[in-house]
Amino acid sequence: MPESRSRFTVTVDGRDLELSNLDKLMYPAAGFTKGEVIDYYTRVAPVLLPHLRDRAVTRIRYPNGVEDTHFFEKNKPGGTPDWVRLATLPVPGSTKSRETIDFVVVDDLPTLVWLANLAALELHTPQWRIGEDPDLMVVDLDPGAPAGLKECCAVAMLMRDRLAEDGIDAYPKTSGKKGMQLCCPVSGTQNAEVVSAYAKKVAEELARMVPGSITAKMAKAIRPGKVFIDWSQNNAAKTTVTPYSLRAGERPTGSAPLTWDEVIAMATGEMPAQQFGAAEVLERVEEHGDLLDGLLHPGPAVPA
């Protein structure tokens, strides 16, 4: 499209969408535009959409790029097309004193492109599908400097082996920022309190095993040089960055699935411990497909 046309209509899977300002810089330091954000989300959609489907999405929007102001958005934005799927859900403890919110649900490519055009760079989802108990357990590995992703990978291996003792599979992905997450499919028949309590128990076990390198406590004062195993991501009110979502930073990185061979190589220094850029995420999808496909199938119940 000619750059002089700041707004124009496209048809995506039968839905008419108005796109605007495609040449606006979303990541100025990297020269990455809104048009490239939309292109990324369109190309990654085949592996991203299954992880968004039936989940209420919290968006982080950067209308003028990552170097300007941003805001979290849970409720549907003004001008939401009538074909966008909404889910009205309770939000106890809302800071805006609302009893319910009309969440956007991203089940299709038109909705994904529409959000990308609104500069919703980051997409975050809960560990449960609408109307169900959690079908995922997520453990966030957050490094306190000078610890980094390399140290997170070493902890991830310990966590994987401990969870395997209880028959739980763990799938690794980068956070797109400093650390990484382990995502585990669970049965979907236990409430968030049970899942969170189990995650906390395992995190505390590992912290006792390697107290010099791991903490399960949230106090930031004790985190330097350690990896914080954040078990609280399983709280019913929490969300985690969705696999393949972009992250806001100096460059457009994505939350990228890893193989366990890569995790081991990063932990041992055989491979650089790195976050992957948008182009690299797309290349990895081309090579591996969806490394997190296992999350889309039911897992076991966590030990009570």
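Residues numbered from 1 in each chain as written. Predicted model: local features only at pLDDT ≥ 70, side-chain atom pairs only at ≥ 80, totals over all residues. Heavy atoms only, no water.

- Looking at an unreviewed UniProt entry, one finds the chain named Non-homologous end-joining DNA ligase and attributed to Actinoplanes aureus.

1. Remarks on the pattern of salt bridges
Part 1 of the reasoning: Per the stated rule, a full pass over the model turns up 17 salt bridges.
Part 2 of the reasoning: Close ionic contact of Asp135 with Arg129 constitutes a salt bridge, the shortest N to O distance being 3.3 Å. Summarising the burial analysis for this pair, Asp135 and Arg129 share the class buried.
Part 3 of the reasoning: Of the charged contacts in the structure, one is a salt bridge between Arg162 and Asp166, with a shortest N-O distance of 2.9 Å.
Part 4 of the reasoning: Within this structure, Arg162, Glu165, Asp166 and Glu205 form a network of salt bridges that share partners. (Salt bridge = Lys/Arg side-chain N within 4 Å of Asp/Glu carboxyl O. Buried < 20%, exposed > 50% of the residue type's maximum accessible area, 1.4 Å probe, protein only.)

2. Observations regarding the nonpolar core
Part 1 of the reasoning: Membership of the largest hydrophobic core comes to 80 residues, with the highest contact counts inside it found for Tyr41, Leu112 and Met180.
Part 2 of the reasoning: Excluding residues within four positions of it along the chain, Tyr41 makes contact with Leu48, Leu112, Ala116, Ala120, Leu121, Glu122, Leu123, Tyr244, Ser245 and Leu246.
Part 3 of the reasoning: Formed by seven residues, the second largest nonpolar core is a distinct cluster that contains Ala56, Ala87, Val91 and Val105. (Core = buried A, V, L, I, M, F, W, Y, C linked by side-chain atoms within 4.5 Å. Contact = heavy atoms within 4.5 Å.)

3. Some remarks on the environment of Thr100
Part 1 of the reasoning: Residue position: Thr100 is located in strand 8 (residues 100-105).
Part 2 of the reasoning: Accessibility expressed as a relative area gives 42% for Thr100, which makes it partly exposed.
Part 3 of the reasoning: Separated by 104 residues in the primary sequence, Thr100 and Glu204 have C-alpha atoms spaced 34 Å apart.
Part 4 of the reasoning: Apart from the residues lying within four places of it in its own chain, the contact partners of Thr100 are Thr88, Leu89, Pro90 and Val91. (Helix = DSSP H or I, 4+ residues; strand = E, 2+ residues; numbered from the N terminus.)

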